[in-house]
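Now for the letters of each chain:
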There are 2 protein chains.
Amino acid sequence: MDPNSPQTASVTVADVARKAGVSKATAARVLGGYGTVSDRVRDAVTAAARALDYRPNELARSMTTGRSGTIGVVVGDIENPFFSLAMRGITDVARQAGFTVILINSGEDVSAEKAAIRTLIAKRVDGLIVSPAKETDVEHLREVVGSGRPLALLDRGINAFEVDTVIADDRQAAEGVTRQLIALGHRHIAYLTACDTPDHLFRTPGDINTGSVRRRIEGFLSTCREAGLGPVEHWIHMGAVIPEQTRQIAERLLEAKDRPTAIIASDSVIGLEVFKTSRAIGLAIPDDLSLISFHDADWTAVTSPPVTVVRQPVYQLGEMAARLLVERLNGFAGPGREVVLQTEFVERASISSAPSLPR
Amino acid sequence: MDPNSPQTASVTVADVARKAGVSKATAARVLGGYGTVSDRVRDAVTAAARALDYRPNELARSMTTGRSGTIGVVVGDIENPFFSLAMRGITDVARQAGFTVILINSGEDVSAEKAAIRTLIAKRVDGLIVSPAKETDVEHLREVVGSGRPLALLDRGINAFEVDTVIADDRQAAEGVTRQLIALGHRHIAYLTACDTPDHLFRTPGDINTGSVRRRIEGFLSTCREAGLGPVEHWIHMGAVIPEQTRQIAERLLEAKDRPTAIIASDSVIGLEVFKTSRAIGLAIPDDLSLISFHDADWTAVTSPPVTVVRQPVYQLGEMAARLLVERLNGFAGPGREVVLQTEFVERASISSAPSLPR
DNA sequence: TTTTAAATTGAGACCGGTCTCATTGGCTTT
DNA sequence: AAAGCCAATGAGACCGGTCTCAATTTAAAA
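Notes on the structure follow. (Residues numbered from 1 in each chain as written. Chains lettered and ligands numbered in written order. Predicted model: local features only at pLDDT ≥ 70, side-chain atom pairs only at ≥ 80, totals over all residues. Heavy atoms only, no water.)

### Section: the sheet that holds strand S2 (residues 100-105) of chain A
Strand pairing in a sheet relies on backbone hydrogen bonds, with the paired strands running either antiparallel or parallel.
Then step 1. The strand order S11(A)-S5(A)-S4(A)-S3(A)-S1(A)-S2(A)-S2(B)-S1(B)-S3(B)-S4(B)-S5(B)-S11(B) describes an open sheet built from 12 strands, whose pairing is mixed. Each edge of the open sheet carries a strand with a single partner, namely strand S11 (338-341) of chain A together with strand S11 (338-341) of chain B. Between one strand axis and the next, the sheet turns by 20 degrees as a mean value, whatever way the strands run.
Then step 2. The sheet contact formed by strand S3 (residues 127-130) of chain B and strand S4 (residues 151-154) of chain B spans 3 bridges and is parallel. Looking at the pairing, Leu128(B) lines up with Leu151(B) of S4(B).
Then step 3. Helix-sheet contacts for helix H7 (residues 139-146) of chain B involve S3 and S4 of chain B, and the interaxial angle to S4(B) is about 145 degrees.
Then step 4. Sitting on the sheet, helix H12 (residues 314-329) of chain B touches strand S1 (70-75), S3, S4, strand S5 (164-168) and S11 of chain B, and the angle it makes with S5(B) is about 170 degrees. (Pairing = 2+ DSSP bridges. Helix = DSSP H or I, 4+ residues; strand = E, 2+ residues; numbered from the N terminus. Axes fitted to C-alpha atoms, helices over the stretch in contact; angles between N-to-C directions. Contact = heavy atoms within 4.5 Å.)

Laid out in structure tokens, this is it:
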């Protein structure tokens with residue numbers, strides 16, 4: 001009676017039906033918006049529902065329809081601005097299409113990713129968007145596809161089987177910035193990434209599990225080789241996972257006799273730490289060291305000097321992944337699509353022609 | 001038969017039971033891990049489940065247990081570093097406690113917030129964490145509490161009814177930074193916030209709907225008044241919602257004859273824009289203008305000069321909110337708790353003694 | 001060995017919706 | 001007025017689990 005009293009047991013269609021004096025089936029038709037009902041009955045049921053403050057149970061609905069209206073998203077780390085911005089793109093599209101989003105962080109750990117996917121399938125999500133931690137360990141992704149659920153991959157692709165994939169043109173971007181540095185006279189360029197191998201040594205791009213990074217490194221390597229530079233394999237530095245590690249790598253690198261005259265940072269967290277470290281060491285940017293970073297984080301525009309970056313369409317990446325997924329959810333059944341979004345080279349004052357180093 | 005064949009219809013307990021030669025009830029006991037079963041039967045069922053690649057349907061389970069194992073989170077904007085970091089804290093705690101998280105952005109819009117909460121209740125989330133857009137419009141939150149679902153508020157409190165609330169000591173922090181600026185000789189300090197009123201004019205703290213900001217402004221106002229400064233109400237500038245608006249406000253402010261000698265930015269997005277604008281106008285920080293920002297975003301440490309900030313324990317804010325909620329979910333039924341986490345004053349080179357302005 | 005308690009197991013209701021199928025009544029067609 | 005159709009409604013199965021309750025088996029106690 002009292003509308004403010006705590007509703008312990010929730011109101012069901014049966015309750016509404018009883019109050020409206022119709023059958024459960026009819027009440028369900030009105031409440032669920034399907035089938036045909038007379039206006040008189042519709043009004044009665046609607047009124048009863050309002051009076052009882054009826055709240056549909058989406059869970060029960062999902063049971064019979066088989067659709068949960070939910071999309072599962074597995075990303076490395078929502079704290080990372082890259083993922084949080086992509087996530088915004090995903091949620092915006094999902095919401096508009098009538099889906100809610102369940103978010104799980106994998107921490108870039110494959111076993112956590114597997115557990116996440118298992119959980120999401122148990123929750124009967126209608127589809128998944130995953131940013132796979134490793135491109136070499138994807139059996140769990142294959143299972144998703146096998147279960148008949150649409151899957152879209154974000155920022156990292158799997159060539160092994162057909163799914164929708166959205167990536168940026170990392171390879172071209174890397175080629176572009178590398179070419180630019182070479183044109184400025186740089187003959188020793190270091191590339192820093194968080195990716196790692198067991199022995200922390202880079203041999204071939206095949207060692208790199210993260211697709212976006214692998215593509216960048218391929219672009220970097222091929223451009224350097226074209227220009228006849230070497231030994232380019234030793235210019236790739238791995239394991240810059242946390243700022244402290246990045247700092248150590250940067251210090252070792254910049255204090256060496258044959259230090260690089262330019263550094264490409266694979267993400268803005270690394271870029272920031274390189275910036276700090278070079279300042280701490282006393283190297284001036286860009287006179288002593290040129291710096292280019294992937295991802296145009298906020299801070300890159302306000303440092304002195306501001307940092308040259310490769311701007312990725314991060315929001316659009318998430319948006320597109322969600323869009324492709326929603327299309328599948330709405331019945332599209334064509335072959336797997338790969339969408340490559342363009343990056344933008346934002347040139348700022350952190351690069352200049354190479355200094356002549358003492359030998 | 002073929003384990004790689006697409007599983008169209010999913011395997012149910014009944015299927016497993018049939019294969020194991022036991023009743024549905026017994027198979028369910030093994031699979032659900034409840035009741036008592038003999039080892040022999042357990043093995044048989046487990047083997048059958050493995051052979052069929054049985055995947056539990058969490059939805060069906062939720063139907064009878066009434067618990068969905070899901071927490072709903074409503075934040076202003078996941079793209080904002082503040083929320084994404086808090087979200088990380090929430091998801092970490094939730095995952096460890098065995099819950100998954102559904103995320104919805106409200107865009108700081110109350111009607112979107114209402115829709116979000118309605119959706120989450122329809123999905124039968126076990127509990128909610130909300131960062132309410134407005135503290136004055138909270139009937140929908142009251143309904144959540146009325147429905148018997150635990151609710152925890154993040155960063156913004158509602159005094160109206162008892163729920164768990166986690167906030168930072170914004171008031172004290174604001175008092176501290178204001179006192180500091182006054183001690184440095186500043187007699188005209190501007191405070192910029194994204195909050196707004198219909199006519200963009202500030203009158204009393206009661207106009208501010210966002211709790212954290214209101215508390216800061218209260219601290220700012222009282223400290224200024226104690227020091228005998230005025231007209232302090234005119235020093236509060238509202239509506240800095242997007243960078244462009246912030247720039248306009250900052251320009252108008254800094255180009256005026258009686259410009260402030262210090263600015264307090266209510267968040268790092270505003271702080272960044274003020275920094276850019278003052279540089280564009282040609283005002284030197286800190287000689288011409290002192291700048292303090294709330295939220296120690298990445299970039300604040302690398303600008304020239306680096307920016308003095310109030311560091312909020314953002315991750316911990318989310319962590320604590322989730323922790324309080326999980327406690328309730330596990331049966332805790334005490335009165336609403338308010339947790340206030342300490343902020344930290346990080347003094348950097350962006351503040352100095354006030355310049356003497358021409359009159 | 002008989003009695004008693006405890007452990008196992010099966011049958012079936014139930015959660016709250018959806019959906020099929022059969023029934024009823026009104027309206028059109030000829 | 002009889003036949004034919006379609007809209008409106010109700011009864012009840014079903015989704016895939018959980019859980020109660022009674023029946024049966026097994027182990028422990030007397």
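Now that the structure is up, let's keep going.
### Overview of the protein's contact with DNA strand D
Then step 1. Close to DNA strand D lie 28 residues; Thr26(A), Arg29(A), Ser38(A), Val41(A) and Thr64(B) are nearest.
Then step 2. If you look at DNA strand D and keep only atoms within 4 Å of the protein, 56% of those are sugar or phosphate atoms.
Then step 3. At 2.9 Å from a phosphate oxygen of DNA strand D is found a main-chain nitrogen or oxygen belonging to Ser23(A).
Then step 4. Thr36(A) has a polar side-chain atom sitting 3.5 Å from a phosphate oxygen of DNA strand D.
Then step 5. Tallying contributions element by element places helix H4 (residues 58-65) of chain B first for the surface near DNA strand D, with 5 residues.
Then step 6. Considering only residue class, the surface near DNA strand D consists of 13 nonpolar, 10 polar and 5 charged. (Near = heavy atom within 4 Å. Polar contact = N/O pair within 3.5 Å; in protein donor to acceptor, adjacent residues only side chain to side chain. Nonpolar A, V, L, I, M, F, W, Y, C, P; charged D, E, K, R; others polar.)

### Things to note about the pattern of salt bridges
Then step 1. For the coordinates displayed, the defined rule picks out 50 salt bridges over all chains.
Then step 2. Note that Arg55(B) and Asp53(B) form a salt bridge whose closest N and O atoms lie 3.4 Å from each other.
Then step 3. Using a relative accessible area of 16% as the deciding quantity, one classes Arg55(B) as buried.
Then step 4. Residues participating in the shared-partner salt-bridge network are Glu135(A), Arg171(A), Glu175(A), Arg214(A) and Glu218(A). (Salt bridge = Lys/Arg side-chain N within 4 Å of Asp/Glu carboxyl O. Buried < 20%, exposed > 50% of the residue type's maximum accessible area, 1.4 Å probe, protein only.)

### A word on the sheet that holds strand S7 (residues 236-237) of chain A
Residues and elements named next belong to chain A.
Then step 1. The mixed open sheet is built from 6 strands, whose spatial order is S7-S6-S8-S9-S10-S12. In the strand order of this sheet, the two ends are held by S7 and strand S12 (344-346), each with one partner.
Then step 2. Pairing of strand S8 (residues 262-265) with strand S9 (residues 290-294), which is carried by 4 bridges, proceeds in the parallel orientation. When the sheet's bridge partners are listed, Ala265 is paired in S9 with Ser293.
Then step 3. Across the sheet, helix H9 (residues 211-226) is in contact with strand S6 (189-192), S7, S8 and S9; its angle to S6 comes to roughly 170 degrees.
Then step 4. Its contacts with the sheet place helix H11 (residues 268-281) against S6, S8 and S9, and it is angled at close to 160 degrees to S9.

### Some remarks on the pairing of strand S4 (residues 151-154) of chain A
Residue and element names in this part refer to chain A.
Then step 1. Side chains Leu151 and Leu153 project from S4 onto one buried face, and the interleaved Ala152 and Leu154 project onto a second face that is buried too.
Then step 2. With helix H7 (residues 139-146) bridging strand S3 (residues 127-130) and its parallel neighbour S4, the resulting β-α-β unit is right-handed.
Then step 3. Bridge analysis of S4 against strand S5 (residues 164-168) gives 3 bridges, and the strand direction is parallel. Its bridge partner lying in S5, Ala152 is registered against Asp164. (Right-handed = clockwise from strand over helix to strand, strands pointing away.)

### Some details on the relation of the copies chain A and chain B
Comparison of the two chain copies shows a relationship of rotation about an axis with a shift along it.
Then step 1. The transform that puts chain A on chain B rotates by 180 degrees and translates by 0.0 Å along the axis, for an RMSD of 0.1 Å. These values place the two chain copies in the arrangement generated by a two-fold rotation axis.
Then step 2. Mapped onto chain B, 100% of the interface residues of chain A again fall at the interface, so both copies present the same surface. (Least-squares fit on C-alpha atoms with pLDDT ≥ 70 in both.)

### Side note on the side chain of Arg124(A)
Then step 1. Note that Arg124(A) resides in the loop between helix H6 (110-122) and S3.
Then step 2. No salt bridge forms around the buried Arg124(A); measuring N to O, its nearest opposite-charge neighbour Glu58(B) is 7.9 Å away.
Then step 3. Not counting residues up to four positions away in its chain, the partners in contact with Arg124(A) are Ser68(A), Arg149(A), Ser10(B), Arg55(B), Pro56(B), Asn57(B) and Leu59(B). (Lys, Arg positive; Asp, Glu negative; His and termini not counted.)

### Focus: the protein's contact with DNA strand C
Then step 1. The environment of DNA strand C is made up of 27 residues, and the closest members are Val13(A), Thr64(A), Thr26(B), Arg29(B) and Ser38(B).
Then step 2. Within the contact set of DNA strand C, a phosphate oxygen lies 3.1 Å away from a side-chain nitrogen or oxygen of Arg61(A).
Then step 3. Sorting the residues of the surface near DNA strand C by element identifies helix H2 (24-32) and helix H4 (58-65) of chain A together with helix H2 (24-32) and H4 of chain B as the ones contributing at least two each.
Then step 4. Of the residues belonging to the surface near DNA strand C, the class tally is 13 nonpolar, 9 polar and 5 charged.

### Notes on the environment of Val213(A)
Residue and element names in this part refer to chain A.
Then step 1. On the secondary structure map, Val213 appears in helix H9.
Then step 2. As for Val213 and Ala174, which are separated by 39 residues in sequence, their C-alpha atoms are 9.7 Å apart.
Then step 3. Dropping the residues within four chain positions of it, Val213 is found in contact with Tyr191, Thr193, Cys195, Ile208 and Ser266.

### Let's talk about the environment of Glu344(A)
All names here are of chain A.
Then step 1. As for its placement among the helices and strands, Glu344 is situated in strand S12.
Then step 2. Accessibility expressed as a relative area gives 41% for Glu344, which makes it partly exposed.
Then step 3. Distance in space between the C-alpha atoms of Glu344 and Arg55 is 48 Å, their sequence separation being 289 residues.
Then step 4. Contacts of Glu344, omitting those with residues within four sequence positions, involve Val309, Val310 and Arg311.

### With respect to the nonpolar core
Then step 1. By size, the foremost hydrophobic cluster in this structure holds 56 residues, and its most contacted members are Ile71(A), Ile129(A), Ile71(B), Val73(B) and Ile129(B).
Then step 2. Setting aside chain neighbours within four positions, we find Val73(B) in contact with Met87(B), Ile90(B), Val101(B), Ile102(B), Leu103(B), Ile104(B), Leu120(B) and Ile129(B).
Then step 3. Core analysis: the next-biggest nonpolar cluster, separate from the first, contains 44 residues, Ile270(A), Val302(A), Val346(A) and Ile263(B) among them. (Core = buried A, V, L, I, M, F, W, Y, C linked by side-chain atoms within 4.5 Å.)

So, to be careful, I would describe these as geometric facts and stop short of saying anything about function.
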